[in-house]
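Chain residues, written in single-letter form:
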Amino acid sequence: MKFDLSVDRIVTGPFQENTFIVRSVDSKKALIIDPGDDENTIIDFIKSEKLKPLAILNTHAHLDHIGAVSKLQEIFEISFYLHEKEKMILDLYEESCQMFGLPAKKKPKVDEWITDHKNLTFQEFEINIINTPGHTPGGLCYEIFEHLFVGDTLFRGSVGRTDLPGGNWDQLRQSLIHLIETISHDKIIHSGHGEDTKLKHELISNPFLNSI
């Protein structure tokens, strides 16, 4: 069922990570995607807009994408969803924080592990899940109507790094090819860092896509 959808971006933390609030304009129901840090800023925004969060969905489990998850779970009493192949990345959370010289927050507990080829529905939100490993083993994208939330799989002018634990360039390359072949090039791509883009622009200007 199509309805008026609005997407808000909150830039969080030292990595300038994009947290997205996807909301129904009419019902005020909302999904939280990749709440990376600055949990109080996210909470204040949700409360000021009188939104009703339904779930937390993560594209992957790197430290800059999960820092605010536990607090949001607690405050709004909602479940946290993550792909099952991200367990290794999640387990490295404290070690990753130490590596980057950052204080570790409470590591979130996953309520629902997402498996391959499993889509999700939250009331009026119907979410198509696209598996895009490469940046991390269980990286995925969430397709909601004309919007595609890609995490760190693809950026405006670049792609996700593959030199961290669990990264694999060959997998990421295949994931990018899959997106190019299956996703409308006019969909709005919301990346984990930086500005929104569209595949039709990236195919012209992104050197990583030009090379595959």
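Above this note sits the structure.
We now turn to the structure provided with this report. (Residues numbered from 1 in each chain as written. Predicted model: local features only at pLDDT ≥ 70, side-chain atom pairs only at ≥ 80, totals over all residues. Heavy atoms only, no water.)

**Considering the overall build of the chain**
Then, number 1: Scanning the chain from N- to C-terminus turns up eight helices and 13 strands.
Then, number 2: Each principal axis of the C-alpha distribution contributes one length, and for the chain these read about 45 × 45 × 30 Å.
Then, number 3: Burial statistics for the chain: of 212 residues in total, 52% are counted as buried.
Then, number 4: Summing over all exposed atoms, the chain offers an accessible surface of approximately 9,600 Å²; the carbon and sulfur share of this is 49%.
Then, number 5: The centroid of the 22 positive side-chain charges in the chain is displaced by 3 Å from the centroid of its 33 negative side-chain charges. (Helix = DSSP H or I, 4+ residues; strand = E, 2+ residues; numbered from the N terminus. Buried < 20%, exposed > 50% of the residue type's maximum accessible area, 1.4 Å probe, protein only. Areas by Shrake-Rupley, 256 points an atom, 1.4 Å probe, with all protein chains shown as cover. Lys, Arg positive; Asp, Glu negative; His and termini not counted. Charge placed at Lys NZ, Arg CZ, Asp CG, Glu CD.)

**Considering the nonpolar core**
Then, number 1: Among the nonpolar cores identified, the biggest contains 24 residues, and Ile-21, Ile-32, Ile-42, Ile-46, Ile-56 and Leu-72 are the most heavily contacted of them.
Then, number 2: Mapped onto this core, the elements with two or more residues apiece are strand 3 (29–33), helix 1 (39–48), helix 2 (63–66), helix 3 (69–76), strand 5 (79–83), helix 4 (87–91) and helix 5 (93–99).
Then, number 3: When neighbours within four sequence positions are excluded, Ile-56 is seen to be in contact with Ile-32, Pro-35, Val-69, Leu-72, Gln-73, Ile-78, Ser-79, Phe-80 and Tyr-81.
Then, number 4: Core analysis: the next-biggest nonpolar cluster, separate from the first, contains 21 residues, Leu-5, Leu-120, Ile-144 and Phe-149 among them. (Core = buried A, V, L, I, M, F, W, Y, C linked by side-chain atoms within 4.5 Å. Contact = heavy atoms within 4.5 Å.)

**Description of the packing of helix 1 against helix 3**
Then, number 1: Where helix 1 contacts helix 3, the two axes come as close as 9 Å, and the packing angle between them is 35 degrees. The way helix 1 lies across helix 3 gives a crossing that is right-handed. Of the residues in helix 3, those touching helix 1 at Glu-39, Ile-42, Ile-43, Ile-46 and Lys-47 are Lys-71, Leu-72, Ile-75 and Phe-76.
Then, number 2: Classifying every residue of the contact of helix 1 with helix 3 gives six nonpolar, no polar and three charged. (Axes fitted to C-alpha atoms, helices over the stretch in contact; angles between N-to-C directions. Left-handed = near helix turned anticlockwise from the far one by under 90°. Nonpolar A, V, L, I, M, F, W, Y, C, P; charged D, E, K, R; others polar.)

**A look at the packing of aromatic side chains**
Then, number 1: Evaluation of the coordinates by the stated rule reveals five aromatic pairs.
Then, number 2: When the centroid spacing of 5.4 Å and the interplanar angle of 90 degrees are considered together, the rings of Phe-15 and Phe-100 count as edge-to-face. Residue Phe-15 is found in the loop between strand 1 (5–12) and strand 2 (17–24), and its partner Phe-100 is found in the loop between helix 5 and strand 6 (112–114); the two are separated by 85 residues along the sequence.
Then, number 3: With a relative accessible area of 31%, Phe-15 lands in the partly exposed category. (Phe/Tyr/Trp six-rings, centres within 6.5 Å; stacked < 30°, edge-to-face > 60°.)

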